[in-house]
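Descriptive structure summary
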Amino acid sequence: MTGDDPRRSIPRTDVLLGLPEVLDARDRLGEIRIRGIIHDVQARARRGELAPSAVGSEVVAAVRGESASSLGAVLNATGVIVHTNLGRAPLSDTAVAAVVEASGYVDVELDLASGKRSTRGVGVREALVRACPAAGDALVVNNGAAALMLACTAFAAGREVVISRGEMIEIGAGFRLTDLIVSTGVRLREVGTTNRTHLRDYADAFSPAGLSPGAGLPSGAGQYDPRSVEYHVGAILKVHPSNFRVQGFTASAGLSELRDLAHQYGVPLIVDLGSGLLHHDWALPDEPDATSALEAGADVVIASGDKLLGGPQAGILLGDKDVIARLATHPLARAVRTDKLTLAALEATLTGPQPPVTRYLHVDPERVKQRTERLAGELGVPIVECDGRVGGGGAPGVRLPGWALRLPVSVAGPLRTGDPAVLARVHADACLVDLRCIPERDDERLLTALRAQIPAS
Ligand SMILES: *Cc1c(COP(=O)(O)O)cnc(C)c1O
């Protein structure tokens, strides 16, 4: 640096830390974060990207726009209700309040009356059983994948899980349920074909001819003895293809016949629903639900907390008391235990008012049309019919009638990076803004964001 190098006039860190706006932000963001921001801005000035005289105001602007976490709120204008990339289910106000309450010290494992230790998660278990009386008990773990891992390990470690080839699914980001199952030390026993799997295919997995190579013959002729070493099947697993559909020449075995087969050999029938509906929903006629699956004979039902249930990320296991007790006391249960924030949010979702996911699913298309027309009038843009989707959470192929603003495709990018960030749907060379999954209280914020990108007409 020479004596008149302008970089010498870059404000020093202690000077910037002393700016009133920076002092204010220190309580909110913390010292480490604030220093990081200051150093970044100073570095930009050193590289000549910023005038030294602008460093102070840039730091102030940066701390103002900064939040404590790198996650930022997005207005979901895609019409996709359970949007995996946007964190799946938005929580209800009631669930948010419960999370805030639970964020301090709470009686999560303490009985205040006796002062003794209590069982964790009793409230949410009771709420699940009240919401789904077909289950005698429930267990909540980290997510659906953890629930599947726990069930397979507890019932079939070192043995086989029988699964139809039509149900070996990839759930997203390259993760395959079958890889997950195999990683637990369980062997997969694939039966049937992609489009058709019959009861007899499952039955073959239990027959001598269906034994794995080298397994030897069963004790006693013809009939298996579940206690013999040659007995290889630990469970039958039925997985709901929650993100795709096979249409046409298809067949699959029903739950009650699979239950009869499983029980004949003394093994459980595990049903992975994926979605998380506890009861049948008229808006999703083909989507399976936990109550129906348990009534049809499932021993364990696995569901997700943040798909159609509309709550926090969680894996839910439902079944009778014995089955759940076996899962809850398995050592692995401790490794997939949920935190208190999840327990609080899930219980509030189950007992409180309808969560956003349920409301968006049953939204009145006329109401969406009114709101869309109003914004269209303000902006001078057309509206078009636009179907919403359930999304990665289930019900593939179901179209939910609705409406959207039709904007030039070129605004989609600027909307994403605007404030507030808006994710619209790009389709057929247009940017479609669907209000289905936007709370009505955010309509004005959405309008402001759109106005910034749409030239006044
Ligand atoms: C989504 C899904 C899972 C995984 O659930 P997560 O809560 O995402 O871990 C498992 N099985 C099926 C059928 C699913 O659709």
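Scope of this entry: the structure provided in the associated data block. (Residues numbered from 1 in each chain as written. Predicted model: local features only at pLDDT ≥ 70, side-chain atom pairs only at ≥ 80, totals over all residues. Heavy atoms only, no water.)

Attention now goes to the sheet that holds strand 17 (residues 421-427). Backbone hydrogen bonds hold the strands of a sheet together, and the pairing may be parallel or antiparallel. What the five strands build is an open sheet, ordered 1-17-18-16-14; its pairing is mixed. Looking at the sheet topology across the chains shown, the edges are occupied by strand 1 (74-77) and strand 14 (383-385). Neighbour-to-neighbour, the strand axes of this sheet turn through a mean angle of 40°, independent of strand direction. In this sheet, strand 18 (residues 430-434) lies alongside strand 17 in antiparallel orientation, the contact comprising three bridges. The residue of strand 18 that forms the bridge with H427 is A430. Sitting on the sheet, helix 16 (residues 365-379) touches strand 14 and strand 16 (403-408), and the angle it makes with strand 16 is about 25°. (Pairing = 2+ DSSP bridges. Helix = DSSP H or I, 4+ residues; strand = E, 2+ residues; numbered from the N terminus. Axes fitted to C-alpha atoms, helices over the stretch in contact; angles between N-to-C directions. Contact = heavy atoms within 4.5 Å.)

Direction vectors running N to C along helix 2 (residues 20-29) and helix 4 (residues 55-65) enclose 30°, while the axes themselves pass 10 Å from each other. In terms of orientation, helix 2 and helix 4 fall into the roughly parallel class. Handedness of the helix 2/helix 4 crossing: left-handed. Between helix 2, through E21, V22, A25, R28 and L29, and helix 4, the contact on the second element is made entirely by V59, V60, V63 and R64. Among the residues forming the contact of helix 2 with helix 4, the class breakdown is six nonpolar, no polar and three charged. (Parallel < 35°, antiparallel > 145°, perpendicular 65-115°, else oblique. Left-handed = near helix turned anticlockwise from the far one by under 90°. Nonpolar A, V, L, I, M, F, W, Y, C, P; charged D, E, K, R; others polar.)

Fair warning: the whole summary comes from geometry, so function is off the table for now.
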